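Commentary on secondary and tertiary structure
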Amino acid sequence: MNTKKLAGLSLLLAAALVLAYLETVFPHLLPVPWLKPGLPNMAVLLTMLLVGSREALMITVLQVFSISLLFGALLTPGFLIALAGAVISWLAMAVLHRGTRIGTVGLSVLGAVFHGLGQVTGAWLLVDTKGVFWILLWLIPLSIPVGMLTGIPVEMIRSRYLPKSRNLTGDREEKNG
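Here is a short report on the structure shown in this document. Just so it is clear, the structure is predicted and the values come from calculations on it, not from any experiment.

For the rest of this paragraph, the subject is the packing of helix 2 (residues 41–50) against helix 6 (residues 136–161). One can describe the packing of helix 2 onto helix 6 by two numbers: an axis separation of 10 Å at closest approach and a directional angle of 35°. Between helix 2 and helix 6 lies a crossing whose hand is right-handed. Residue-level contacts link Met-42, Leu-45, Leu-46, Leu-49 and Leu-50 of helix 2 to Thr-150, Pro-153, Val-154, Ile-157 and Arg-158 of helix 6. Looking at the contact of helix 2 with helix 6 residue by residue, the classes come out as 8 nonpolar, 1 polar and 1 charged.

Structure (structure tokens):
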């Protein structure tokens, strides 16, 4: 990895950590007290779009570990649930990003939905009760506006910094005719 790429990824990780801190400072504005907008995930999505899926996984894992370490939750059940959600979300976005022409906001919404699914699955593995899946009745519908909330600014940044002559994978688009 060259120095320029390492510096860029470091900035994206730093942005994720600042956004995580901002989530803790602002009062919970969402209707469910434990639901957060997932602002740090904007850095993961931006990394995936501008750099690549492998680097986005690196930012995902480092983000969860760093945030948990900074907020005193490393290796707690909350950490394991967050890691499950983040990795499942990354996996879904990486597959969809590579295999379809889904837009940034759509990718963000699906990432938010899969993040919730991953967290609930992680909680189920920890507490061994299927009752945790009832939370999906709230979580999935709320994931849509939350995914849009994070996806729209990412699309604005992506459209500014990714040349229009390139698609999301960085390949030149072919002109018809």
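Glancing now at the environment of Phe-133. Within the element layout of this structure, Phe-133 appears in the loop between helix 5 (104–127) and helix 6. Classification of Phe-133 by relative accessible area gives partly exposed; the value is 30%. Once the C-alpha coordinates of Phe-133 and Leu-117 are considered, the two residues, 16 residues apart in sequence, prove to be 8.7 Å apart. Those residues in contact with Phe-133 that lie beyond four places of it in its chain are Val-120, Thr-121 and Trp-124.

Within this structure, the stated rule accounts for 2 aromatic pairs. Each ring, one from Phe-65 and one from Phe-79, has its centre 4.9 Å from the other, and the planes form 65°; the classification is edge-to-face. Of this pair, Phe-65 sits in helix 3 (residues 53–70) while Phe-79 sits in helix 4 (residues 77–99), and the two are 14 residues apart along the sequence. Ring plane angle 55° and centroid distance 5.7 Å describe the contact between Trp-124 and Phe-133, whose orientation is recorded as tilted. Judged by its relative accessible area of 27%, Trp-124 falls in the partly exposed class.

With 18 residues, the main nonpolar core has Leu-45, Met-48, Met-93, Leu-107 and Val-154 as its most contacted residues. Among the secondary structure elements, those contributing two or more residues to this core are helix 1 (3–25), helix 2, helix 3 and helix 4. Counting residues in hydrophobic clusters, the runner-up holds 6 residues, among them Val-120, Leu-136, Leu-142 and Val-146.

Thresholds, definitions, all that
Residues numbered from 1 in each chain as written. Predicted model: local features only at pLDDT ≥ 70, side-chain atom pairs only at ≥ 80, totals over all residues. Heavy atoms only, no water. Axes fitted to C-alpha atoms, helices over the stretch in contact; angles between N-to-C directions. Helix = DSSP H or I, 4+ residues; strand = E, 2+ residues; numbered from the N terminus. Left-handed = near helix turned anticlockwise from the far one by under 90°. Contact = heavy atoms within 4.5 Å. Nonpolar A, V, L, I, M, F, W, Y, C, P; charged D, E, K, R; others polar. Buried < 20%, exposed > 50% of the residue type's maximum accessible area, 1.4 Å probe, protein only. Phe/Tyr/Trp six-rings, centres within 6.5 Å; stacked < 30°, edge-to-face > 60°. Core = buried A, V, L, I, M, F, W, Y, C linked by side-chain atoms within 4.5 Å.

Remember that the coordinates give geometry; whether it matters functionally is a separate question.
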